[in-house]
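Commentary on secondary and tertiary structure
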Amino acid sequence: MRKAFLAAALSGAPLVASAAEASEESLGRHLLAFIDSAAYLIGTLLVKLIDLIIPGQVDPSLTKPIGYLGLLTLILFLFSLLEAARKLIWLMVIVGWVLMVARILIDAFRG
């Protein structure tokens, strides 16, 4: 019984590994397709915005490059917001600890 189970498990191992690899490859393709679609959408919006501001028309072949630049700019903006939020949180934590220590000292000396 054990030999049969072991043989079945060993014979199915390459199938499980290939299914996992196919799943990872599919996930990678879906992620790249999502990024490409997001860049195209952002590029389309930016090209329409540019067309409203500047007379004339932007070359449609620039939609994706403008979209990728817009996507990178958005990511950088979000990271800068996170960095500013992190500094603010650190400031709040430091002030909180200072106030907590002051409260403990006041309680200790009040008696």
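Residues numbered from 1 in each chain as written. Predicted model: local features only at pLDDT ≥ 70, side-chain atom pairs only at ≥ 80, totals over all residues. Heavy atoms only, no water.

What follows concerns the pattern of salt bridges. One pass over the structure, following the stated rule, counts four salt bridges. Note that Arg29 and Glu25 form a salt bridge whose closest N and O atoms lie 3.1 Å from each other. Of the two residues, Arg29 and Glu25 are both situated in helix α1 (residues 2-53); the distance of four residues between them amounts to about one turn of the helix. What makes Arg29 exposed here is its relative accessible area of 59%. Residue Glu25 is classed as partly exposed on the basis of its relative accessible area of 46%. (Salt bridge = Lys/Arg side-chain N within 4 Å of Asp/Glu carboxyl O. Helix = DSSP H or I, 4+ residues; strand = E, 2+ residues; numbered from the N terminus. Buried < 20%, exposed > 50% of the residue type's maximum accessible area, 1.4 Å probe, protein only.)

This brings us to a nonpolar patch on the surface. Together, Ile89, Trp90, Val93, Ile94, Trp97, Val98, Met100, Val101, Ile104, Leu105 and Phe109 make up an exposed nonpolar region whose accessible area comes to about 1,200 Å². Structurally, Met100 can be placed in helix α2 (residues 63-110). (Patch = residues over 30% accessible without salt bridge, like charges linked within 9 Å, V, L, I, M, F, W, Y side chains within 5 Å. Areas by Shrake-Rupley, 256 points an atom, 1.4 Å probe, with all protein chains shown as cover.)

Distances and angles like these do not, on their own, reveal function.
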